[in-house]
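Listed below, chain by chain, are the residues.
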Amino acid sequence: MTLIQGYLFRQIARPVVGACAALAGIGILSQSLEQLEFVVERGASLWVMVKLTSLAVPQLLAVILPIGLFVGALIALTRLQREQELIAAFAGGMTRWAAIRPAATLAAIVAGLTLVMNVAVQPWAQRAARDEAFAVRSDLAALLVEEGRFVKGPNGLTVYVQEIEQNGLMTNLFVYIDDGKSISTWDAAEARFSRIAGEPYLLLGQGSWQRYSSDGVLNYLSFDNHAFPLAGFMDEADQAVRYKPSDLYLHQLFDPTPQMLETAGTRGELLAEGHSRLSSPLYALTAMAMALSAILGGAFSRTGYGLRVAKAAGAFLTVRIVGYGVVAASAWNPWVNLLQYLLPIAAAAVALRVLFRALKPRLRKARRVVAMAGAGA
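Now for a look at the structure at hand. (Residues numbered from 1 in each chain as written. Predicted model: local features only at pLDDT ≥ 70, side-chain atom pairs only at ≥ 80, totals over all residues. Heavy atoms only, no water.)

Here we look at the overall build of the protein
Then, number 1: Scanning the protein from N- to C-terminus turns up 13 helices and six strands.
Then, number 2: For the protein, the proportion of its 377 residues judged to be buried stands at 41%.
Then, number 3: Looking at the protein alone, contacts between residues at least 24 apart form 60% of all its contacts between residues at least 6 apart.
Then, number 4: Here the protein displays about 20,400 Å² of accessible surface, and carbon together with sulfur accounts for 62% of that area. (Helix = DSSP H or I, 4+ residues; strand = E, 2+ residues; numbered from the N terminus. Buried < 20%, exposed > 50% of the residue type's maximum accessible area, 1.4 Å probe, protein only. Contact = heavy atoms within 4.5 Å. Areas by Shrake-Rupley, 256 points an atom, 1.4 Å probe, with all protein chains shown as cover.)

Some remarks on a negative patch on the surface
Then, number 1: Residues Glu 147, Glu 163, Glu 165 and Glu 190 make up a contiguous surface patch of negative charge.
Then, number 2: Looking at the element boundaries, Glu 163 is found in strand E2 (residues 157-164).
Then, number 3: What makes Glu 163 partly exposed here is its relative accessible area of 42%. (Patch = residues over 30% accessible without salt bridge, like charges linked within 9 Å, V, L, I, M, F, W, Y side chains within 5 Å. Salt bridge = Lys/Arg side-chain N within 4 Å of Asp/Glu carboxyl O. Lys, Arg positive; Asp, Glu negative; His and termini not counted. Charge placed at Lys NZ, Arg CZ, Asp CG, Glu CD.)

Quick word on the side chain of Ser 279
Then, number 1: Position of Ser 279 relative to the elements: it lies in helix H9 (residues 267-279).
Then, number 2: Taking the relative accessible area as the measure of exposure, Ser 279 reaches 3% and is therefore buried.
Then, number 3: For Ser 279, the contacting residues outside a window of four places in its chain are Gln 340, Tyr 341 and Pro 344.

Considering empty space enclosed by the protein
Then, number 1: Scanning the entire structure with this criterion turns up three cavities of 30 Å³ or more.
Then, number 2: Space inside the largest cavity adds up to approximately 50 Å³.
Then, number 3: In terms of lining, the largest cavity is formed by Ser 276, Ser 279, Ser 280, Tyr 283, Arg 320, Gly 323, Tyr 324, Val 327 and Gln 340.
Then, number 4: Of all the secondary structure elements, the ones that give two or more residues to the lining of the largest cavity are H9 and helix H11 (306-330).
Then, number 5: Take the lining of the largest cavity: its biggest share by element is four residues, from H11.
Then, number 6: If you add up the space inside the second largest cavity, you get close to 40 Å³. (1 Å grid on protein atoms, 1.4 Å probe; cavity = no way out; pocket = protein on both sides within 12 Å on 5 of 7 lines; lining within 4 Å. Points joined across faces, edges and corners; volume = space filled by probe spheres on them.)

Notes on the environment of Trp 186
Then, number 1: Along the chain, Trp 186 falls in strand E4 (residues 183-196).
Then, number 2: For the pair Trp 186 and Gly 207, spaced 21 residues apart in sequence, the C-alpha separation works out to 7.3 Å.
Then, number 3: Not counting residues within four places of it along the chain, the set of residues in contact with Trp 186 comprises Leu 173, Phe 174, Val 175, Ile 177, Leu 204, Ser 208, Trp 209, Phe 223, His 226 and Phe 228.

Thoughts on helix H2 (residues 46-55)
At 3.6 residues per turn, the α-helix brings residues three or four places apart onto the same side.
Then, number 1: Considered for burial, the residues of H2 that qualify are Val 48, Met 49, Leu 52, Thr 53 and Leu 55. In a view along the axis of H2, the buried residues occupy a sector of 165 degrees, so they form one face of it. Counted as exposed and oriented over 90 degrees from the buried face of H2: Leu 46 and Trp 47. (Arc of directions from axis to C-beta.)

Section: the nonpolar core
Nonpolar side chains in soluble globular proteins tend to end up buried together.
Then, number 1: In terms of nonpolar packing, the biggest core is built from 48 residues, with Ile 12, Leu 69, Phe 70, Met 288 and Leu 292 touching the most fellow members.
Then, number 2: Those elements that provide at least two residues to this core are helix H1 (3-40), helix H3 (57-82), helix H4 (85-91), helix H5 (96-137), helix H10 (282-296), H11 and helix H12 (337-357).
Then, number 3: For Leu 69, the contacting residues outside a window of four places in its chain are Val 16, Cys 20, Leu 106, Ala 107, Val 110, Ala 284, Ala 287 and Met 288.
Then, number 4: Grouped together as the second largest cluster of nonpolar side chains are 16 residues, Trp 186, Leu 202, Trp 209 and Leu 230 included. (Core = buried A, V, L, I, M, F, W, Y, C linked by side-chain atoms within 4.5 Å.)

Here's the deal with the packing of H3 against H11
Then, number 1: It is the contact of H3 with H11, at a shortest axis distance of 11 Å, that shows an interaxial angle of 170 degrees. Of the possible angle classes, the one that applies to H3 and H11 is roughly antiparallel. Residues Val 63, Pro 66, Ile 67, Phe 70 and Leu 74 of H3 touch H11, and the partners they reach there are Val 309, Ala 312, Ala 313, Phe 316 and Tyr 324.
Then, number 2: A class-by-class count of the residues in the contact of H3 with H11 yields ten nonpolar, no polar and no charged. (Axes fitted to C-alpha atoms, helices over the stretch in contact; angles between N-to-C directions. Parallel < 35°, antiparallel > 145°, perpendicular 65-115°, else oblique. Nonpolar A, V, L, I, M, F, W, Y, C, P; charged D, E, K, R; others polar.)

Focus on the pairing of strand E5 (residues 199-212)
Then, number 1: As defined by bridge partners, E4 adjoins E5 across twelve bridges and the pair is classed as antiparallel. In the sheet register, Glu 190 faces E5, and the bridge partner there is Gly 205.
Then, number 2: Bridge count between E5 and strand E6 (residues 218-229): eleven bridges; the pairing is antiparallel. When the bridges of E6 are listed, Gly 207 appears paired with Phe 223. (Pairing = 2+ DSSP bridges.)

A few points about a nonpolar patch on the surface
Then, number 1: On the surface, a nonpolar cluster with roughly 400 Å² of combined accessible area is contributed by Val 63, Ile 67, Val 71, Ile 75 and Tyr 324.
Then, number 2: Counting residues per element, the nonpolar patch draws most heavily on H3, at four residues.
Then, number 3: For Tyr 324, the position within the fold is in helix H11.

Section: the sheet that holds strand E1 (residues 150-152)
Then, number 1: Pairing is antiparallel across the open sheet formed by six strands, whose spatial order is E1-E2-E3-E4-E5-E6. Of all strands in the sheet, those bounded by a partner on one side alone are E1 and E6. For this sheet the average axis-to-axis angle between neighbouring strands, irrespective of direction, equals 25 degrees.
Then, number 2: Pairing analysis gives eight bridges linking strand E3 (residues 170-178) to E4, with the strands arranged antiparallel. Residue pairing for E4: Tyr 176 is matched across the bridge by Thr 185.

None of the figures reported here should be taken as evidence of function without further support.
Dropping the structure here:
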């Protein structure tokens, strides 16, 4: 890359990074508002909200990067053309291919980054977020405990806690269990929820257990420490994480196990997701091709390029929306998966044709002038 190409690359890359950062900020804010449910309704900590929001960023970036690339490239190219820096580069002998090479390099980098996000980072982050959300939703501490109130849980379980401290320690806990066959009670001076080997437990301290036997005799047991299992009070379906197609790795999407087909989705849905992961980076190339055609695909204009930019933005938005529709249709028609690749490639080809066709009238006019000058001589 020559010195002028390096300059053009930096001038285009900076607005692209700024546009992606601004869109990512808006997306993160939206995600954080959605995660407030875990803080308000589930009693989760602020750290859980931050963690879930951070884990949603890779999937968010896969959507934002092509859009940010398009917006940033339009801003940069408009300024370069308006200040006649590109015209000066062409006047210095730079060919059009050489001028657009920095933009094409940037688009290839964004496409590669999007591919890495889709193939490796997104499924890892989505699975981690799904596990964290499952732990919060299945946390009996949030479901069963409410300070100063008797809270009824599943399978005849009732829990009362006098006070819950900031560190999660519960004082003066009372547990009442009526399974339809017998009634038993537990009380403890202090208690804390925990997980042992992945199973939920209630760790009781300084407490006792009482239950009447079948012949009416009261059984009583006092203890210093006891681990009370809670798995029996959870539905079996709620004890396993159910992953969605967005949580699976690429090899799992193209070669799913029978269990994945039962829980994650049909084979068609998984194939559509897999091809979407591989084809979506192509929209970065489409975005840059459309941005270049909007600014360089016509004559220089001192009044601005508002109309051309609006047309390019509308075209890119239409192509991207149609692309999402193609992904949805691919779940039911496997052959439509081919369109996931053809659509962005065809849109980029049309944009490049518009970009290079703009030179042809000027070349014909220049040849005509040369011919007339030769005839006059």
